[in-house]
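The chain contents come next:
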Amino acid sequence: MILNIETATKNCSVSISKQGQLIDIIEYVGEGYSHAEKLHVFMQEILANNNLSTKNLQAIAVSKGPGSYTGLRIGVSAAKGLAFALQIPLISVDTLGSLARQVTKMDVLIIPMIDARRMEVYAGIYDSDYNTVRQVQADVLDENSYAEYLNQKKTVFLGDAVAKVQDIIKHPNAVFYKDKLPSAREMSVLSYEKFRQQDFEDTAYFEPFYLKDFITTRKK
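Thresholds, definitions, all that
Residues numbered from 1 in each chain as written. Predicted model: local features only at pLDDT ≥ 70, side-chain atom pairs only at ≥ 80, totals over all residues. Heavy atoms only, no water. Helix = DSSP H or I, 4+ residues; strand = E, 2+ residues; numbered from the N terminus. Phe/Tyr/Trp six-rings, centres within 6.5 Å; stacked < 30°, edge-to-face > 60°. Buried < 20%, exposed > 50% of the residue type's maximum accessible area, 1.4 Å probe, protein only. Lys NZ or Arg CZ within 6 Å of the ring centre and 35° of its normal.

The next point concerns unusual backbone geometry. In this structure, Pro66 follows Gly65 across a cis peptide bond, with omega equal to 10°. Looking at the secondary structure, you find Pro66 in the loop between strand 4 (59-63) and helix 2 (69-86). In this structure, Gln19 is a non-glycine residue whose phi angle is positive, near 50°. Checked against the element boundaries, Gln19 lands in the loop between strand 2 (11-18) and strand 3 (21-29). Not every positive phi belongs to a glycine, and Gln198 is a case in point at roughly 55°. Within the secondary structure, Gln198 sits in the segment after helix 6 (187-196).

Here we take up the packing of aromatic side chains. With the rule as written, the count across this model stands at four aromatic pairs. Considering the side-chain rings of Tyr69 and Tyr210, the 4.7 Å spacing of their centres and the 25° angle between planes classify their relative orientation as stacked. Of this pair, Tyr69 sits in helix 2 while Tyr210 sits in the segment after helix 6, and the two are 141 residues apart along the sequence. Accessibility expressed as a relative area gives 31% for Tyr69, which makes it partly exposed. Take Tyr210: its relative accessible area is 17%, and that puts it in the buried class. Ring plane angle 55° and centroid distance 5.9 Å describe the contact between Phe195 and Phe200, whose orientation is recorded as tilted. We classify Phe195 as partly exposed; its relative accessible area is 28%. Judged by relative accessible area, Phe200 falls into the partly exposed class, the value being 32%. The structure contains a cluster of three or more aromatic residues connected by ring pairs, namely Tyr146, Phe157 and Phe176. A cation sits over an aromatic face here: Lys38 above Tyr28, 4.5 Å from the ring centre.

As structure tokens, then:
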């Protein structure tokens with residue numbers, strides 16, 4: 001029994017899974033990041049709704065990034081706190097690898113992406129079996145972005161950067177899935193696989209995968 005936490009984007013999402021099968025999910029997408037207010041409430045609700053307590057959990061899984069700095073900090077802090085208090089393993093799940101699993105039953109390349117600043121995105125590239133074709137990196141977009149992959153076959157773009165990409169990339173093999181965000185739903189299979197392999201994080205020292213350093217700006 002694993003509690004999965006996803007807060008890398010505007011979607012505050014919590015699920016419970018057993019042996020990789022989804023039992024229940026609670027999530028909310030808001031224009032503002034409300035994870036600090038909603039995450040702990042969702043965790044309490046999902047346990048209560050299924051007549052469970054924290055004692056029933058064998059691990060805590062968290063989406064590790066890349067994504068929103070604030071969102072990742074909130075999710076990882078909550079996951080680490082629970083794992084430490086319950087003395088159970090902490091599992092990290094790749095945010096974009098999980099998002100890629102929202103594309104099913106298609107012989108395509110999959111490019112899940114998260115919006116970064118200006119014309120930049122955080123993107124990974126996967127085949128239709130969710131194997132990594134190219135590691136996650138920060139990409140600056142132009143009309144030739146991902147041409148080497150688009151020239152091979154149909155390529156599905158999804159994530160909160162799709163609107164930005166669709167305005168730039170006009171290749172006939174480009175397919176755009178709108179309104180898709182990382183969710184704790186797809187984490188279930190990945191977190192269970194890591195649990196079986198005993199692929200756990202060091203609860204004390206684990207940090208989110210920001211990909212780039214967080215940059216602050218002073219108010220004028």
